[in-house]
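Residue-level listing of the chains:
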Amino acid sequence: MLSTMTVTSVDAKNHGKISALGEKVLGGGRISRDEALWLINLETSADILDLLSWANRIREKFKGNKIHLCSIVNAKAGACSENCSFCAQSSHYQTGSPKYGFVDPEPVAEAAEEAHKNNVTAVGLVAAWKGLNEGPMLDEVCARVREMKAAGKTRPDVSLGIIKSQRVADRLKEAGVECYGHNLESSRRFFPQTCTTHTFDDRLQTIGHLKKAGIRICSGGIIGMGETREDRCDLAFELKAIGANVVPVNILNPIPGTPFEKNDPLPVLEILKTIACFRFILPRQEIMIAGGRTVNLRDAQSMIFMAGASALMVGNYLTTLNQPVEKDLQMLKDLGLDPNWDNHGFSDQEESGCGCGKGNCETEMELATAK
Ligand code: SF4
């Protein structure tokens, strides 16, 4: 069982408040920022495990037992002009990570085939550069997306940095991109400590173009960069506000040579508690545990689902290794979770009201006006 180093007896008052907030979310309601801050500041393992059990119920209610699997291909590696302090691929730091230009069709086709074999819903082409403009590179990206789409093995996702023109987003949509990865990384307040070569607003503007083009949004962040618990909550509320469909939670894996190389790792219970708070704030979204999972959670990896995670990045990350896909698939099987999606249409994210059936329900009205 988990550590009993802290006072672990269940605090009846805390138990009552966690349950009330859990019931509220299960009933279709929303928690406030103050309520989320109260949850994320729970300290004892007894309270945190209580919180996880509610996050698990919320996941089961809104996501069932389906787990959405994604994998990524490093489609253009290293030598990035940006200075993101966590990133091995920035040209500002000496990290020894590989460098190469945009990938040919073959490695992408191989990744799609492998993903298909393992029930992975989507393969994302991720490029280490500032962003994408109109020109030959956009033509090449669109060609790779069309090839993936035509092969019909997996959903072709992309993560191609900042987009400053609506036309670029529209062309990606025309080529067949359904979902675009673009993390907010952290709260607006903490963002300047992660990167100074572009801004939080550059990222929001990109997301605006993508949404206008009708592309789904995969956006989350990284925890363990030195941000506060308040920053983590504010990131989750920001992701709710932008209508992110998939929310990757990465846990910093400090890369030697980067400014965050000496960051202390987050305690496992702190990571699980953060995932649970994300589930309370974002009950219908895919919460995907991505980079840094194996190195930070080790034997506690399977607890991410009890904490509310409903999606998993499988296969290797951009510059670091993950555990073998077979091991992840076995973990899901052991937990009775099902990665087998024929087609993920995100329809389970639509808020259709609280379902209480009462006329003049305040929750229903709140949901309706928030749309
Ligand atoms: S996170 Fe992306 S934009 Fe930032 S340095 Fe790395 S590759 Fe470049």
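Calculation criteria
Residue indices begin from 1 for each chain and proceed along its sequence in written order. Local features in a predicted model are, by the rule used here, given only for residues with pLDDT of at least 70; side-chain atom pairs are given and counted only at 80 or more, and totals for whole chains, interfaces and linings are based on all residues. By convention in this description, side-chain values take in all heavy atoms of the structure and omit both hydrogens and water. Working definition of a nonpolar core: buried Ala, Val, Leu, Ile, Met, Phe, Trp, Tyr and Cys residues. They are joined through side-chain atoms within 4.5 Å. Exposure is judged per residue with a 1.4 Å probe applied to protein chains only, and the accessible area is read against the type maximum: over 50% gives exposed, under 20% gives buried, and values in between give partly exposed. Numbering of helices and strands starts at the N terminus; helices are DSSP runs of H or I of at least 4 residues and strands are runs of E of at least 2. Every residue pair with non-hydrogen atoms within 4.5 Å of one another is taken to be in contact. The arc in question is traced by the directions running from the helix axis to the C-beta atoms. A pair of strands counts as paired when DSSP detects no fewer than two bridges linking them. Handedness of a crossover is defined as follows: with both strands directed away from the viewer, a clockwise route from the first strand across the helix to the second makes it right-handed. Residue proximity to a molecule or strand is established when one non-hydrogen atom of the residue lies within 4 Å of it. Amino acid classes used here: Ala, Val, Leu, Ile, Met, Phe, Trp, Tyr, Cys and Pro are nonpolar; Asp, Glu, Lys and Arg are charged; the rest, including Gly, are polar.

Draft legend 1. Up close: the nonpolar core. Membership of the largest hydrophobic core comes to 99 residues, with the highest contact counts inside it found for Leu172 and Phe280. When residues of this core are assigned to their parent elements, the largest contribution, ten residues, is made by helix H9 (residues 268-281). Dropping the residues within four chain positions of it, Phe280 is found in contact with Ile18, Leu21, Gly22, Val25, Ile31, Leu39, Leu51, Trp54, Ala55 and Ile58.

Draft legend 2. Helix H2 (residues 33-40), seen in detail. For H2, the full list of buried residues reads Ala36, Leu37, Leu39 and Ile40. Looking straight down H2, one finds its buried side chains confined to an arc of 160°; they lie on one side. Considering only its buried residues, H2 is in contact with helix H1 (12-26), helix H3 (45-63), helix H8 (229-242) and H9.

Draft legend 3. Broad picture of the pairing of strand E9 (residues 246-251). Buried residues dominate E9, accounting for six of its six residues. Here E9 shows a buried face lined by Val246, Pro248 and Asn250 and a second buried face lined by Val247, Val249 and Ile251. Bridge analysis of strand E8 (residues 221-223) against E9 gives three bridges, and the strand direction is parallel. Looking at the pairing, Gly221 lines up with Val249 of E9. Of the crossover connections in this fold, the one passing from E8 over H8 to the parallel E9 is right-handed.

Draft legend 4. Fine view of unusual backbone geometry. Phi is positive for Asn119, which is not a glycine, with a value near 65°. Among the secondary structure elements, Asn119 is positioned in the loop between helix H4 (105-117) and strand E2 (122-127). For Arg298, which is not a glycine, the phi torsion comes out positive at approximately 45°. Secondary-structure assignment places Arg298 in the loop between helix H10 (293-297) and helix H11 (303-306).

Draft legend 5. Structural context of the pairing of E2. Burial of E2 is extensive: six of the six residues sit out of reach of the surface. Taking every second residue as pointing to the same face, both faces of E2 are buried, with Ala122, Gly124 and Val126 on one and Val123, Leu125 and Ala127 on the other. Strand direction decides the pairing type here: strand E1 (residues 68-76) and E2, joined by six bridges, are parallel. Residue Asn74 lies in a different strand from E2, and its bridge partner there is Val126.

Draft legend 6. Spotlight on the site of the ligand. Neighbouring the ligand are the residues Cys80, Glu82, Cys84, Phe86, Cys87, Ser90 and Ala128. Classifying every residue of the shell around the ligand by side-chain character gives five nonpolar, one polar and one charged.

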